[in-house]
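# Geometric and topological summary
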Amino acid sequence: MLKEFKEFAMKGSVIDLAVGVVIGAAFQKIIDSLVNDIIMPLIAALLGQVDFSNLSFMINGTPIKYGSFITQVINFLIIAFSIFLAVRYVNKLNEKLSKVGENIAGKIDKDGKIAKKLGIEKEEESKESEEETANKE
């Protein structure tokens, strides 16, 4: 059982998840500072309110703290937008690296021997085979 647990814990996806959690916790502190120290004071300057966490109303003697909720919604939107930008950037970077890799591979494997061994067809070859198939029909 200990061996199985060790294998499970050492899988790449589990370790990636652990790293993601740690980075996410650190990222949360940065976002909290951005919201509390920069964005909320700017909003407060526009609306005349310094601290949203004090906004509340009472129902039967129970405080409903909608100011804290507003702050958390703003936190969430900033985090979601930041993650969107990061993922978008990584995807664009991967596209560029993929194109560079294809260009390099094409220059190295000019005669296509490596591609044939790997079962990869060059674009020209696949177009030619498609044309041949279409001509036969």
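See the structure shown above.
First, a word on what this report is: a plain description of the structure on this page. Just so it is clear, the model here is predicted, and its values are computed rather than measured.

### Some words on the overall build of the protein chain
Helix and strand counts for the protein chain stand at 5 helices and 2 strands. Listed N to C, the secondary structure of the protein chain is α-α-β-β-α-α-α in terms of helices and strands. Residues classed as buried in the protein chain amount to 11% of the 137 residues present. Long-range contacts, defined as pairs at least 24 residues apart, comprise 39% of the intrachain contacts of the protein chain with a sequence gap of at least 6. If you sum the accessible surface of the protein chain, you get close to 11700 Å²; carbon and sulfur atoms cover 64% of it.

### A closer look at a positive patch on the surface
A grouping of Arg 88, Lys 92, Lys 96 and Lys 99 is seen on the molecular surface, where their side chains present a positively charged patch. Relative to the elements of secondary structure, Lys 96 occurs in helix H3 (residues 66–108). Judged by relative accessible area, Lys 96 falls into the exposed class, the value being 58%.

### Quick word on unusual backbone geometry
With a phi angle near 50°, Asn 60 is a residue other than glycine that sits in the positive phi range. Structurally, the position occupied by Asn 60 is in the loop between strand S1 (57–59) and strand S2 (62–64). For Asn 60, a relative accessible area of 80% puts it in the exposed group.

### Focus: the packing of aromatic side chains
Summed over the entire model, instances satisfying the criterion amount to 2 aromatic pairs. The interplanar angle of 35° and the centroid separation of 5.9 Å between the aromatic rings of Phe 57 and Tyr 66 together place this pair among those described as tilted.

### Topic: the nonpolar core
The biggest cluster of nonpolar side chains holds 8 residues, and these are Ile 31, Val 35, Met 40, Phe 52, Leu 55, Ile 74, Ile 78 and Ile 79. For this core, the elements supplying multiple residues, two or more each, are helix H2 (12–47) and H3. Setting aside residues up to four positions removed in sequence, Phe 52 forms contacts with Met 40, Ile 43, Ala 44, Leu 47, Gly 67, Ser 68 and Thr 71.

### Brief notes about a nonpolar patch on the surface
A grouping of Phe 57, Ile 59, Ile 64, Tyr 66, Phe 69, Ile 70, Val 73, Phe 76 and Leu 77 is seen on the molecular surface, where their side chains present a nonpolar patch of about 830 Å² in accessible area. Those elements that provide at least two residues to the nonpolar patch are S1 and H3. Among the elements that take part in the nonpolar patch, H3 stands out by supplying 6 residues, more than any other. As for its position among the elements, Ile 70 is in helix H3.

Calculation rules
- Per chain, residues are indexed from 1 in the order of the written sequence.
- Only residues with pLDDT of at least 70 get local features here, since the model is predicted, and only at 80 or more are side-chain atom pairs given and counted; chain-wide, interface and lining totals rely on the full set of residues.
- Side-chain numbers here rest on the full set of heavy atoms in the structure, without hydrogens or water.
- Only runs of H or I of at least four residues qualify as helices and only runs of E of at least two qualify as strands under DSSP, and these elements are numbered from the N terminus.
- Here's how the labels work: a residue is buried when its accessible area is under 20% of the maximum for its type, exposed when over 50%, partly exposed in between, all with a 1.4 Å probe on protein chains only.
- Any two residues having at least one pair of non-hydrogen atoms within 4.5 Å are treated as being in contact.
- Note on areas: Shrake-Rupley, 1.4 Å probe, and residue coverage restricted to the protein chains presented here.
- Patch membership needs two things, relative accessible area over 30% and no salt bridge, and members are linked within 9 Å if like-charged or within 5 Å if nonpolar (Val, Leu, Ile, Met, Phe, Trp, Tyr).
- Salt bridges, as used here, are contacts in which a Lys or Arg side-chain nitrogen is within 4 Å of a carboxyl oxygen on Asp or Glu.
- Charge counting follows a simple rule: Lys and Arg are positive, Asp and Glu are negative, and His as well as the terminal groups are ignored.
- Every charge is mapped onto a representative atom, which is NZ of Lys, CZ of Arg, CG of Asp or CD of Glu.
- The pairing test for Phe, Tyr and Trp rings, Trp by its six-membered ring, is centres within 6.5 Å, and the orientation test on the planes gives stacked under 30 degrees, edge-to-face over 60, and tilted for anything in between.
- Throughout, nonpolar core names a set of buried Ala, Val, Leu, Ile, Met, Phe, Trp, Tyr and Cys residues whose side chains join them through atoms within 4.5 Å.

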